[in-house]
Structures are given as C-alpha cells and as structure tokens.
Amino acid sequence: MEFGEKLQELRKNRCLTQEELAEALYVSRTAVSKWESGRGYPSIDSLKEISNYFSVSIDDLLSGEKLISIAEKENKTNIRNMCNLLFGIVDVFSFLLIILPLYSKTSDGYIYSVNLFAYTETAAFNRFIYWGMFIALVLLGILKILFTQLKIVKSQKILTVCSILIGVAAVLLLALAREPYAVVVMFLLTVIKGLLLFRYVRAE
C-alpha cells in the first residue's frame, strides 16, 4: 500500500475530513489532498507530526528508501534556501558602497577618501549610474530575502541573474574609474555571490 493510501485509511478510521486533518497537522488542506493522491510527500517534520498524531511509526508509513529520498530532497531544498538567503544578504551589503569612504577626492593638493554622497571627482552621469546600480542591488537583495522567506521560487532565478550582471558591470565601471577600494569591495561581493550560486547549482 502506498503512502497516500495509508494516510487516507488512517484519516478515515478517525472519521476526519482532509480539512480537519490539515488543521491537526498545521498544514493546508491542499497539502493533505496532494499527499493522499500520491502527487507529493510530506516533509520530515510533517511525517513526524503524522506519526505522532496517528500513533504509528514512520517506517509503517514509508519505506526506508522513500524516506531517504525525501530526506535528501529536503536537504537540497534547505541548502538552496540558505544560498538564496545569503545571496540576498550579500546584495543588501552593497549599501556599504554608498556609505563607506571608498572613493578618492582631491582638495588643495591632497587626496581624501569620501563616500558616494561626497564623491564629485567624476561626471554627474557616472555618479547617477553608481547610485542606480548600488540601490538596485540593495533592492534585489531585499526582494531575494523576502521571496526566500515566502517560498516564492519562480522569480528567484531572474533576481539572481540581474544581481550577477549588475555586480559584474559595477566592477568594470569602478575599475575604469580607477577607484581601487570600491572595486575591491564590489569584486569581493560579486565573488561571494558566485560561490553561493555555484553551491546552489550543485544542490539542484
């Protein structure tokens, strides 16, 4: 007997509707329906809840092979979520390129380090581009964190691609402007995102 059939039998033996079981397990009715129809399996935590609720062992519900498969899938999902979360946090740290004194400014024959607010050694258009890129990265980071917390998967790849492209463009533009400190910070942030992306792809 498959897991879905076992769950359905256990539920009916208790004279429960799918909605009532869902409330008892703190999941949606759709999730219960999906499990019973064989279109999916619960997480390890949900399996424990089902096991405790019906006073049956997890081994009675699922075969060892299927349990290992679910655990591996859940582990990969957790790794991907962690990578997305850290990716978003790294993007939010792009605000450091705005507030830290990473840019050079010449005054009375001396060279000072200033933040982006006081940076006037380049054309207004270039400063506008810098502001646009750094604010865009921060916003992408915030969206990445929110989407990860809300488990919205569809737009994650678009956010990732946009972030990487903007990061690479920022490194190139800052290098052309000969701003070594800003280049180093932006390069490090981009490399960290590249490593997180590599780890994410390996978990797929």
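Everything discussed here concerns the structure shown above.
Residues numbered from 1 in each chain as written. Predicted model: local features only at pLDDT ≥ 70, side-chain atom pairs only at ≥ 80, totals over all residues. Heavy atoms only, no water.

This part takes up the side chain of Ser163. Here Ser163 is to be found in helix α9 (residues 156–176). Ignoring anything within four residues of it in the chain, the contact list for Ser163 reads Phe87, Asp91, Leu137, Leu140 and Lys193. (Helix = DSSP H or I, 4+ residues; strand = E, 2+ residues; numbered from the N terminus. Contact = heavy atoms within 4.5 Å.)

Next up on the list: the pattern of salt bridges. Inspection of every chain in the model, using the stated rule, returns 2 salt bridges. With a shortest N-O distance of 2.6 Å, Arg11 and Glu36 are connected by a salt bridge. Placement of the pair is Arg11 in helix α1 (residues 3–13) and Glu36 in helix α3 (residues 29–36), with a sequence separation of 25 residues. We note that Arg11, like Glu36, is buried. In this structure, the salt-bridge partner of Asp91 is Lys193, at a minimum N-O distance of 2.8 Å. Residue Asp91 is located in helix α6 (residues 64–92), and its partner Lys193 is located in helix α10 (residues 180–202); the two are separated by 102 residues in the primary sequence. Here the two residues Asp91 and Lys193 agree in accessibility, since each one is buried. (Salt bridge = Lys/Arg side-chain N within 4 Å of Asp/Glu carboxyl O. Buried < 20%, exposed > 50% of the residue type's maximum accessible area, 1.4 Å probe, protein only.)

Once that is clear, we can look at the packing of aromatic side chains. Counting across every chain of the model gives 8 aromatic pairs. With centroids separated by 6.0 Å and ring planes inclined at 45°, the aromatic side chains of Phe3 and Tyr41 adopt a geometry described as tilted. Note that Phe3 is positioned in helix α1 and Tyr41 in the loop between α3 and α4 (44–54), a separation of 38 residues in sequence. The exposure class of Phe3 is buried, given its relative accessible area of 3%. You can call Tyr41 partly exposed: its relative accessible area is 34%. For the pair Phe93 and Phe95, a centre-to-centre distance of 6.4 Å together with 25° between the ring planes defines the contact as stacked. On the basis of relative accessible area, Phe95 is assigned to the partly exposed category, the value being 34%. Stacked on the ring of Tyr53, the Lys or Arg Arg14 has its end atom at 5.0 Å from the ring centre. Positioned above the aromatic ring of Phe87 is the side chain of Lys144, whose terminal nitrogen or guanidinium carbon lies 5.1 Å from the ring centre. (Phe/Tyr/Trp six-rings, centres within 6.5 Å; stacked < 30°, edge-to-face > 60°. Lys NZ or Arg CZ within 6 Å of the ring centre and 35° of its normal.)

Our focus in this paragraph is α9. The end-to-end C-alpha separation of α9 is 30 Å, in line with the 30 Å expected for 21 residues at 1.5 Å each. Within α9, the full set of buried residues consists of Gln156, Leu159, Thr160, Ser163, Gly167, Ala170, Val171 and Leu174. Projected onto a plane normal to the axis of α9, the buried residues spread over an arc of 100° and lie on a single side. Looking at α9, the residues exposed on the side facing more than 90 degrees away from the buried face are Lys157, Ile158, Leu165, Leu172 and Leu176. The inward-facing, buried residues of α9 contact α6, β1 (103–107), α8 (124–149) and α10. Positive phi appears at Arg178, one or two residues downstream of α9, with a value of about 60°. (Expected span 1.5 Å × (residues − 1). Arc of directions from axis to C-beta.)

Further remarks concern the packing of helix α2 (residues 18–25) against α4. Following both chains from N to C, one finds α2 and α4 inclined at 110°, their axes separated by 10 Å at the closest point. Comparing their axes, α4 and α2 come out roughly perpendicular. Judged by residue contacts, Leu21, Ala24 and Leu25 of α2 engage Glu49, Ile50, Tyr53 and Phe54 from α4. For the contact of α2 with α4, the residue count by class is 6 nonpolar, no polar and 1 charged. (Axes fitted to C-alpha atoms, helices over the stretch in contact; angles between N-to-C directions. Parallel < 35°, antiparallel > 145°, perpendicular 65-115°, else oblique. Nonpolar A, V, L, I, M, F, W, Y, C, P; charged D, E, K, R; others polar.)

Turning next to the environment of Val168. Structurally, Val168 is set in helix α9. Along the backbone, Val168 and Trp35 are 133 residues apart, and their C-alpha atoms lie at a distance of 44 Å.

Our next topic: the nonpolar core. Leu97, Tyr103, Leu116, Tyr130, Phe134, Leu174 and Met186 are the most contacted members of the largest nonpolar core, which totals 21 residues. Looking at this core, the elements that each hand over two or more residues are α6, α7 (96–99), α8, α9 and α10. Here this core takes 5 residues from α10, the largest share from any one element. Not counting chain neighbours up to four residues away, the residues in contact with Leu116 comprise Leu97, Ile98, Tyr103, Tyr130, Trp131 and Phe134. Counting 16 residues, the second largest nonpolar core, distinct from the first, contains Phe3, Leu25, Phe54 and Leu62. (Core = buried A, V, L, I, M, F, W, Y, C linked by side-chain atoms within 4.5 Å.)

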